[in-house]
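# Topology and contacts: notes
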Amino acid sequence: MMEALQDRLGPGSIVTAPEAMARYLVDWRGRYRGIAQAVLKPRDTAEVAAVMEWATATRTPVVPQGGNTGLSGGATPDASGRAVVLSLERMNRIRAIDTEGDTVVAEAGCVLATVQQASRAAGRLLAISLGSEGSCQIGGIVATNAGGINVIRHGMTRDLVLGLEYVLADGTVSRTPSLLRKDNTGYDLRHLLIGSEGTLAVITAASLRLLPAPRGTATALCGVGHPRDALALLGRLRDAGLAAIASFELMCEGEMQLVLDLLPAARTGLANRHRWYVFVETEGDSDEAARESLGAGMAAALENGTVADAVLAQNGRQAAAIWHLRFAVSEANRRTGPGFSYDVSVATAAVPAFLDSIEAELAVALPTARRLFVGHLGDGNMHVNVVPDPVHQEQAGGIEALRPLVDEIVYGTVTADAGSISAEHGIGRLKVAALGKARPAHELALMRAIKASFDPLGILNPGVVLAAT
Ligand code: FAD
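Reference entry: report on the structure contained in this document. (Residues numbered from 1 in each chain as written. Predicted model: local features only at pLDDT ≥ 70, side-chain atom pairs only at ≥ 80, totals over all residues. Heavy atoms only, no water.)

## Quick look at the site of the ligand
- What surrounds the ligand is a group of 36 residues, the closest being Pro64, Gly66, Thr69, Gly70 and Ser132.
- In this structure, an oxygen atom belonging to the ligand sits 2.6 Å away from a side-chain N or O atom of Ser132.
- Protein burial of the ligand: of its 970 Å² of free accessible surface, 97% is covered by the chains.
- Counting residues per element, the ones that place at least two in the shell around the ligand are strand E3 (62-65), helix H5 (138-144) and strand E10 (202-209).
- Broken down by element, the residue count for the shell around the ligand peaks at five residues, all from H5. (Near = heavy atom within 4 Å. Polar contact = N/O pair within 3.5 Å; in protein donor to acceptor, adjacent residues only side chain to side chain. Areas by Shrake-Rupley, 256 points an atom, 1.4 Å probe, with all protein chains shown as cover. Helix = DSSP H or I, 4+ residues; strand = E, 2+ residues; numbered from the N terminus.)

Listed below in structure tokens is the structure:
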């Protein structure tokens with residue numbers, strides 16, 4: 001079947017050797033493994049179109065893949081062996097950076113950090129930053145509507161996308177990502193494709209909004225007694241006129257311990273250990289000005305007891321060392337062994353009570369499990385990681401036997417708080433059943449209708465987001 005494609009794709013575009021395919025068939029956490037006929041690596045949009053025409057003709061399922069850093073299993077094929085993985089990694093050209101219109105047009109396979117650096121070199125900011133930025137790709141962050149540490153100031157990926165170039169299931173190409181800031185011509189299909197996780201079309205390029213690079217930044221790490229103190233700190237910094245808060249992140253002591261175990265040479269810079277830690281970054285007219293105002297805010301918070309301890313980075317190296325602790329969390333969690341990970345959101349003001357409630361219920365239901373919390377507090381988005389101890393897992397008959405109990409506690413609390421079961425990592429394969437319970441029947445029916453009109457044969461990432469039919 002693959003022969004029909006050979007002539008239409010250039011050299012190196014079809015990979016079938018098992019050892020060369022292996023890394024495309026397992027997800028970043030090692031929790032999903034699949035089988036594929038081949039990994040296809042097109043070099044341009046025309047080759048992506050050729051792949052999709054062939055896939056339609058042969059009814060072959062296609063799993064688009066970017067940097068393969070997704071945390072919901074959406075980039076991994078199933079076990080049937082029928083699918084092909086469509087890796088965009090060779091489409092990695094930055095097509096244009098425009099410093100008058102403040103835009104960058106990048107192909108789907110560009111690594112996020114590369115586009116950040118190119119934007120910075122042009123004196124502009126691509127305002128999306130996440131722990132996987134050295135590996136995740138533009139197509140992947142658009143397809144998952146990724147969040148990260150700058151959402152509090154600049155929004156999600158969705159807020160930065162001006163236009164998309166994409167290929168439909170039948171090979172039709174929608175070319176030239178729009179550079180328009182204003183365009184009210186009918187339904188905005190771009191917003192359906194953002195966050196569609198490879199189930200509606202293959203994104204081949206995106207035009208993204210750039211911002212003026214901040215003139216200065218300041219970074220601090222604080223120790224606090226409770227998430228409520230962290231939230232109070234956020235309010236106080238804003239009251240003090242620190243409007244330009246670029247990041248506001250929360251991490252529990254258990255996560256910090258895992259990170260320090262992973263990075264033995266790293267230090268928090270704080271005199272003591274604390275139950276919770278807050279990572280803050282602010283912007284200002286210069287580094288000195290930003291440091292001065294954040295420092296004043298911290299001093300006031302220390303004085304009135306909101307914050308127990310704080311360290312203010314004095315230079316870029318120290319700031320990077322602080323962020324290194326935050327960005328190492330996913331790797332530290334990956335090493336804890338099998339567990340359950342949740343990416344949920346509630347209204348920001350509700351986070352402290354939400355965490356108290358989950359912790360209390362989990363402590364009763366799984367007293368010996370590790371219960372770990374980290375997230376983007378400024379956005380109301382927390383990552384909850386529950387790692388049952390091995391003895392409990394064995395007694396229960398395997399870790400999966402514990403999932404319904406933990407799901408019930410976490411999703412039950414989220415639902416009671418009118419929150420979201422999927423804040424930024426997407427549904428993937430991991431949360432298909434949970435999505436089915438989280439959204440009302442009429443919304444699910446609309447989602448299925450949208451899927452069917454983009455992908456009538458159901459060949460684009462079947463089983464991801466919605467159950468395969
Ligand atoms: P992949 O993992 O390859 O794919 C993800 C999904 O997008 C899949 O469903 C895939 O089919 C689809 N897809 C990929 N490319 C395309 C394309 N061109 N066209 C259509 N569909 C496509 N996420 C956050 O939101 N915030 C964070 O702070 C964050 N931190 C992270 C830290 C670490 C260390 C790691 C490993 C992950 C983190 N993530 C975070 C997860 C996050 O979703 C991704 O890193 C990123 O958005 C995925 O990009 P990717 O290129 O790796 O996509």
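## Notes on the packing of helix H13 (residues 351-365) against helix H15 (residues 403-416)
- Put simply, H13 and H15 touch, their axes get as near as 10 Å, and they point 160° apart. With respect to their mutual orientation, H13 and H15 come out roughly antiparallel. Helix-helix and strand crossings are classified by hand; for H13 and H15 the assignment is right-handed. The segment H13 lies against H15, with Phe354, Ser357, Ile358, Glu361, Leu362 and Ala365 engaging Leu405, Val406, Ile409, Val410, Thr413 and Val414.
- Partitioned by chemical class, the residues of the contact of H13 with H15 number nine nonpolar, two polar and one charged. (Axes fitted to C-alpha atoms, helices over the stretch in contact; angles between N-to-C directions. Parallel < 35°, antiparallel > 145°, perpendicular 65-115°, else oblique. Left-handed = near helix turned anticlockwise from the far one by under 90°. Contact = heavy atoms within 4.5 Å. Nonpolar A, V, L, I, M, F, W, Y, C, P; charged D, E, K, R; others polar.)

## A few points about helix H4 (residues 112-121)
- Inspection of H4 places Leu112, Ala113, Val115, Gln116 and Ser119 among the buried residues, and these make up the whole buried set. Seen from one end, H4 has its buried residues packed into an arc of 160°, which puts them on one side.
- The inward-facing, buried residues of H4 contact strand E5 (94-98), strand E6 (103-107), strand E7 (124-125) and H5.
- One or two residues past the end of H4 sits Gly123, with phi positive at roughly 80°. (Buried < 20%, exposed > 50% of the residue type's maximum accessible area, 1.4 Å probe, protein only. Arc of directions from axis to C-beta.)

## Comments concerning a nonpolar patch on the surface
- A contiguous nonpolar surface patch, about 350 Å² in accessible area, is contributed by Tyr187, Leu189 and Leu192.
- Its place among the elements puts Leu192 in helix H7 (residues 189-193). (Patch = residues over 30% accessible without salt bridge, like charges linked within 9 Å, V, L, I, M, F, W, Y side chains within 5 Å. Salt bridge = Lys/Arg side-chain N within 4 Å of Asp/Glu carboxyl O.)

## Side note on the pattern of salt bridges
- Within the structure shown, the criterion is met by 19 salt bridges.
- Across the pair Glu165 and Arg95 runs a salt bridge whose closest N-O atoms are separated by 3.0 Å. Of this pair, Glu165 sits in strand E8 (residues 161-167) while Arg95 sits in strand E5, placing them 70 residues apart in sequence.
- The partner of Arg153 in a salt bridge is Glu283, and the shortest N-O contact between them spans 2.9 Å. Here Arg153, found in helix H6 (residues 151-154), pairs with Glu283, found in strand E14 (residues 276-284); they are 130 residues apart in sequence, far enough to count as distant.
- The class of Arg153 is partly exposed, set by a relative accessible area of 36%.
- Here the residues in one salt-bridge network are Arg93, Arg95, Glu107 and Glu165, joined through shared partners.

## Re helix H8 (residues 227-239)
- With 13 residues, H8 ought to run about 18 Å at 1.5 Å a step, and its terminal C-alpha atoms sit 18 Å apart, in line with that.
- Along H8, the positions that sit buried rather than exposed are Pro227, Ala230, Leu231, Leu233, Leu234 and Leu237. Down the axis of H8, the buried side of the element spans an arc of 150°, and every buried residue falls inside it.
- Looking at the buried residues of H8, the elements they touch are H6, strand E12 (216-224), strand E13 (245-252), E14, helix H10 (287-303) and H13.
- Within two residues after H8, Gly241 carries a phi angle of roughly 95°, on the positive side. (Expected span 1.5 Å × (residues − 1).)

## What to know about unusual backbone geometry
- One non-glycine residue, Asn68, lies in the positive phi region at around 60°.
- As for its placement among the helices and strands, Asn68 is situated in the loop between E3 and strand E4 (84-87).

## Some words on the state of the cysteines
- This model, assessed by the stated rule, comprises zero disulfides.
- Summary of cysteine pairing: Cys110 is not part of a disulfide, and the nearest cysteine sulfur, belonging to Cys136, is at 12 Å.
- Given a relative accessible area of 1%, Cys110 falls into the buried group. (Disulfide = S-S within 2.5 Å.)

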